[in-house]
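Observations on the three-dimensional arrangement
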Amino acid sequence: MSKKGKTIVFSVTGALLFCLAFFLLASQFGSFTIRLPVRHKSYFYDNKVTQIPSMLNVSENHILNADGKEIILKGVMTPDPAVLMGRDKFDKEFFHGIQELNANVIRIPVHPEEWVKDKDYLWRYLAPIVNWAGEMNMYVIIDWHYIGNVATGAGSQMPDIDIEPKKLTLEFWRLIATYFRDAPNVIFEIFNEPQSIEAIDWHKNASEIVQVIREQGAGQMIIVGGIDFGKDLSWVIESPIVAENIAYASHIYPAHSSYSYDHWFGDVAKEYPVLITEWGFMDENRNEGPSYLSGNEETYGKPLLDYLEVRDIGWIACWYDDEWLPPMFMEGWEGYTKSGEFIIKELKE
């Protein structure tokens, strides 16, 4: 063998040994995820999905499918798909577990910091989820998971991103709405929790986001959240979003007094479709979580769901996880928390 040939052999051998050492270290000291580029399709389509749910449409304060049947959306919320990937839980079986709970909707939070880190995020995560959900006859709420002021960037929980939130939000929805405009089981929730913003300013910005989605040819239902961390929709009575196929969302946790339910979202639900897109509680280990989650089935969970049932208001519980608070599962997925037991019981009933 020539000297050049020996050099090539040693180089390849060295590279293989380096890779082997890297894998061994990774297995010993923690997991890692290799994210290879994925193919970018221009539009959503999947010939294998033949039973995908029909697009939802708003009629007065009801949500109807293509057959005119009222649909009450009930489901759960998962961690960000990028987080699931890092935990080796991003696969069809994970979402099949949600379907087995009798859920008809999954809420998927897209965190802006995860979105900007991965140029393939849409195709790596959201496209497969919509495919899987379609095969399982479920809807997918794509939730743009900002918390704060979309216009100014104010808010203690706004991520540290160089791009202005309004600019990034409009860019996000242009791409998402264009790609999924022919996916009937997709629902757009434009901004997770408006905070540090007045109702008049949120109405103006929400209307602009809705318009951008519609300009891409996407006619699916759009969800607009309340102000003050999502809970307060009272402004909708006098100033609804002027657009077709709009529903509204409130977030209600144990610290939110039931005496204000009518004001925050109940009165709105008499005229427009309303969903509770976040709720849940921490009963055991209350001191380990924020005080606003401290509650139980008797004083919070059952009264809230009874209130929603009378008014045909759908809901999405959080979190379908063992870490993010409030969790439905005990650490290590070893059984359910009391919140998880209650949520699953309600879904299966």
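Cut-off values and rules
- Residues numbered from 1 in each chain as written.
- Predicted model: local features only at pLDDT ≥ 70, side-chain atom pairs only at ≥ 80, totals over all residues.
- Heavy atoms only, no water.
- Buried < 20%, exposed > 50% of the residue type's maximum accessible area, 1.4 Å probe, protein only.
- Helix = DSSP H or I, 4+ residues; strand = E, 2+ residues; numbered from the N terminus.
- Right-handed = clockwise from strand over helix to strand, strands pointing away.
- Core = buried A, V, L, I, M, F, W, Y, C linked by side-chain atoms within 4.5 Å.
- Contact = heavy atoms within 4.5 Å.
- 1 Å grid on protein atoms, 1.4 Å probe; cavity = no way out; pocket = protein on both sides within 12 Å on 5 of 7 lines; lining within 4 Å.
- Points joined across faces, edges and corners; volume = space filled by probe spheres on them.
- Nonpolar A, V, L, I, M, F, W, Y, C, P; charged D, E, K, R; others polar.
- Pairing = 2+ DSSP bridges.
- Axes fitted to C-alpha atoms, helices over the stretch in contact; angles between N-to-C directions.
- Phe/Tyr/Trp six-rings, centres within 6.5 Å; stacked < 30°, edge-to-face > 60°.
- Lys NZ or Arg CZ within 6 Å of the ring centre and 35° of its normal.
- Polar contact = N/O pair within 3.5 Å; in protein donor to acceptor, adjacent residues only side chain to side chain.
- Parallel < 35°, antiparallel > 145°, perpendicular 65-115°, else oblique.
- Left-handed = near helix turned anticlockwise from the far one by under 90°.

Digging into the pairing of strand S11 (residues 274-278)
The buried fraction of S11 is high, at 5 of 5 residues. You can see the chain leave strand S10 (residues 246-251), run along helix H8 (residues 261-266) and come back into S11, and the turn it takes is right-handed.

Brief notes about the nonpolar core
Residues Phe95, Phe180, Ile190, Val224 and Phe265 are the most contacted members of the largest nonpolar core, which totals 108 residues. If one sorts the elements of this core by residue count, helix H5 (residues 121-135) sits on top with 10 residues. Each residue touching Phe265, except ones within four places of it in the same chain, is listed here: Leu233, Ser250, Ile252, Val274, Ile276, Tyr307, Leu308 and Ile313.

Structural notes on the layout of surface pockets
The calculated volume of the largest pocket comes to roughly 510 Å³. Lining the largest pocket are 24 residues; nearest its centre among them are Ile147, Gln157, Glu193, Glu278 and Tyr292. A class-by-class count of the residues in the lining of the largest pocket yields 13 nonpolar, 6 polar and 5 charged.

As for the sheet that holds strand S9 (residues 222-225)
Pairing is parallel in the closed barrel, where 8 strands are placed in the order S3-S4-S5-S7-S9-S10-S11-S12. Neighbouring strand axes in the sheet, compared pairwise and without regard to direction, differ in orientation by 25° on average. This element, H5, spans strand S4 (105-110), strand S5 (139-144) and strand S7 (186-189) of the sheet and lies at about 175° to S4. Packing against the sheet, helix H7 (residues 199-215) makes contact with S7, S9 and S10, and its axis sits at approximately 165° to S9.

Here's the deal with the packing of aromatic side chains
Counted by the stated rule, this structure contains 37 aromatic pairs. A centroid spacing of 5.4 Å and a plane angle of 15° characterise the contact between Tyr146 and Phe191, whose relative ring orientation is stacked. Remark: Phe191 occurs in the loop between S7 and strand S8 (193-194) and Tyr146 occurs in the loop between S5 and strand S6 (147-148); sequence separation between them is 45 residues. Residue classification places Phe191 among the buried residues on the basis of a relative accessible area of 0%. The side chain of Lys89 reaches across the aromatic face of Trp333, ending 4.6 Å from its centre. Cation over ring: Arg311 sits above Tyr307, and NZ or CZ is 3.5 Å from the ring centre.

What about helix H9 (residues 297-310)?
Every buried residue belonging to H9 is among Tyr300, Gly301, Leu304, Leu305, Tyr307 and Leu308, and all of these are buried. Buried residues along H9 sit against H8, S11, strand S12 (314-317) and helix H10 (338-348). At the N-terminal boundary of H9, the capping side chain belongs to Asn296, with an oxygen 3.1 Å from the backbone nitrogen of Glu298. Directly beyond the C-terminal end of H9, a positive phi value near 55° is found at Asp312.

Things to note about the pairing of S5
Counting buried positions along S5 gives 6 out of 6 residues, so the element sits mostly inside the fold. Covered by surrounding structure in S5 are Tyr139, Ile141 and Asp143 together with Val140, Ile142 and Trp144, the residues of both alternating faces. Bridging between S4 and S5 involves 6 bridges; their strand directions are parallel. Paired with Pro109 across the strands is Asp143, a residue of S5. Examined bridge by bridge, S5 and S7 share 4 bridges and lie parallel to one another. Paired with Ile142 across the strands is Phe188, a residue of S7.

Structural notes on the packing of helix H6 (residues 165-180) against H7
Here H6 crosses H7 at 30°, and the two axes come no closer than 8 Å. Compared by their axis directions, H6 and H7 come out roughly parallel. Crossing handedness for the pair H6 and H7: right-handed. Facing H6, whose interface residues are Lys166, Thr169, Leu170, Trp173, Arg174 and Ala177, H7 presents Asn205, Glu208, Ile209, Val212 and Ile213. Grouping the amino acids of the contact of H6 with H7 by side-chain chemistry returns 6 nonpolar, 2 polar and 3 charged.

A few points about empty space enclosed by the protein
Under the defined criterion, the tally for this structure stands at 1 cavity of 30 Å³ or more. What the largest cavity holds in volume is close to 100 Å³. The wall of the largest cavity is formed by 16 residues, among which Asn61, Ile63, Val274, Asp312 and Ile313 lie closest to the centre. Only strand S2 (62-64) and S11 provide two or more residues apiece to the lining of the largest cavity. When the residues that make up the lining of the largest cavity are grouped by side-chain class, the tally is 10 nonpolar, 3 polar and 3 charged.

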